[in-house]
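Summary of the model geometry
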Amino acid sequence: MKIRRHKHTKRVLKYYKANFKFDTKLFNVLIDGTFANEALNGKINLAEQLPKFFDVKDNKCKLWTTKCAIHETEILGKPTRGAMLILKQYQVAECKHKRNFISSEKCFKNLISESGDTKFIVATQSDSLKEIVRSVPGTPLMIISHNAINLEKPSEKTDDLVNKRLEGKLAPNLDQMKVIKQLKKKLNEQKPQVKRIQKKRKAKEPNPLSCKKKKKTQQFSNKK
Ligand SMILES: [Zn+2]
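Residues numbered from 1 in each chain as written. Predicted model: local features only at pLDDT ≥ 70, side-chain atom pairs only at ≥ 80, totals over all residues. Heavy atoms only, no water.

- As recorded in an unreviewed UniProt entry, the chain goes by rRNA-processing protein UTP23 homolog and comes from Brachionus plicatilis.
- Here the chain is described in UniProt, under the heading Function (unreviewed entry), as follows: "Involved in rRNA-processing and ribosome biogenesis."
- Check the Subcellular location (unreviewed entry) section of the UniProt entry for the chain; it says "Nucleus, Nucleolus". (UniProt positions renumbered as here; feature names shortened; annotations may be inferred.)

**Some points on the overall build of the chain**
- Secondary structure assignment for the chain yields 10 helices and 6 strands.
- By the burial criterion, 34% of the 224 residues in the chain qualify as buried.
- In the chain, the proportion of contacts linking residues at least 24 apart, taken out of those at least 6 apart, comes to 66%.
- Within the structure as shown, the chain displays about 16400 Å² of accessible surface, and the carbon and sulfur contribution to it stands at 53%. (Helix = DSSP H or I, 4+ residues; strand = E, 2+ residues; numbered from the N terminus. Buried < 20%, exposed > 50% of the residue type's maximum accessible area, 1.4 Å probe, protein only. Contact = heavy atoms within 4.5 Å. Areas by Shrake-Rupley, 256 points an atom, 1.4 Å probe, with all protein chains shown as cover.)

**What about the packing of helix α6 (residues 104-113) against helix α7 (residues 127-135)?**
- α7 packs onto α6 with a crossing angle of 15° between their chain directions and a minimal axis gap of 10 Å. By the angle between their axes, α6 is roughly parallel relative to α7. The handedness of the crossing between α6 and α7 is right-handed. Of α7, the residues touching α6 (which contributes Glu-105, Phe-108, Lys-109 and Ile-112) are Ser-128, Leu-129, Ile-132 and Val-133.
- Its residues placed into classes, the contact of α6 with α7 shows 5 nonpolar, 1 polar and 2 charged. (Axes fitted to C-alpha atoms, helices over the stretch in contact; angles between N-to-C directions. Parallel < 35°, antiparallel > 145°, perpendicular 65-115°, else oblique. Left-handed = near helix turned anticlockwise from the far one by under 90°. Nonpolar A, V, L, I, M, F, W, Y, C, P; charged D, E, K, R; others polar.)

**Section: the pairing of strand β6 (residues 148-151)**
- On β6, burial covers both faces: Ala-148 and Asn-150 on one face and Ile-149 and Leu-151 on the other are all buried.
- Pairing of strand β5 (residues 141-145) with β6, which is carried by 4 bridges, proceeds in the antiparallel orientation. Bridged to Met-142 within β6 is Leu-151.
- As consecutive antiparallel partners, β5 and β6 are separated by 2 residues, and within that stretch His-146 has a phi angle of approximately 50°, a positive value. (Pairing = 2+ DSSP bridges.)

**A look at the coordination of the zinc ion**
- The protein atoms that coordinate the zinc ion are Cys-68 (SG), Cys-95 (SG), His-97 (ND1) and Cys-107 (SG), at distances spanning 2.0 to 2.3 Å.
- For the zinc ion, the 4 donor atoms in the first shell make angles of 99 to 116° at the metal, so the coordination geometry reads as tetrahedral.
- Counting residues between consecutive donors of the zinc ion along the chain gives the motif C-x26-C-x1-H-x9-C. One end of the pair, His-97, is in the loop between β3 (91-92) and α6; the other, Cys-107, is in helix α6, and 10 residues separate them in sequence. Note on accessibility: His-97 and Cys-107 belong to one class, buried. (Donors = N, O, S within 2.8 Å, 3.2 Å for Na, K, Ca; no water. Tetrahedral: all angles 85-135°; square planar, octahedral: opposite > 155°, others 65-115°.)

**With respect to the pattern of salt bridges**
- Tallying each qualifying case throughout the model produces 5 salt bridges.
- Taking the shortest distance from any N to any O, the salt bridge between Lys-96 and Glu-114 comes out at 3.4 Å. With Lys-96 in the loop between β3 and α6 and Glu-114 in the loop between α6 and β4 (120-123), this residue pair connects regions lying 18 residues apart in the sequence.
- The partner of Asp-127 in a salt bridge is Lys-130, and the shortest N-O contact between them spans 3.6 Å. With Asp-127 and Lys-130 both in helix α7 and 3 residues apart, this pair spans about one turn of that helix.
- A relative accessible area of 13% means that Lys-130 is categorised as buried.
- A single network of salt bridges, built from pairs that share partners, joins Glu-131, Arg-134 and Glu-152. (Salt bridge = Lys/Arg side-chain N within 4 Å of Asp/Glu carboxyl O.)

And the structure:
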């Protein structure tokens, strides 16, 4: 089971690396309260287990959260106190919300849409946040299922984008399109000319019947 999961993870990471220039030597995992809570319930120490999961040294796997996500665990009180303590150990990714905290879902959505060079892997157990992550192409989603960390296979939206890019590569590029357009234009310009030449030629050609008649009359007159 473990080996199969490891192979699956490698394949998924390879996909993100090939299609989204994902860094597979330095991992940035963005964690919300639901994920921290699930890890706590399953006695999974994320700081220890995540580097092992990615098969890298501890310093090559950074765990992130946001002030909004921490605040969310604070206002929920006792049930999420453990998750809050865990999140507070992680690095805080700067979000735009300062003290006007919003839900971790909306906060993470903003971050992954504008993350630029820092590509996050989003770790959550929230169904609505999972849907948000799946809707942003190129964003890996991490979940805990059956008490094990799992990297979800690329979403449909991600696959769609990759396929569209591939189609784009096969289609003619801008330079090729210019040449094609010029050729089409030339062909269109040539068409009426060809017709005109054919007509002129026809008009210039003498009527064979009239020629024969003339010859006959000439011959006739000569004999006379
Ligand atoms: Zn925020």
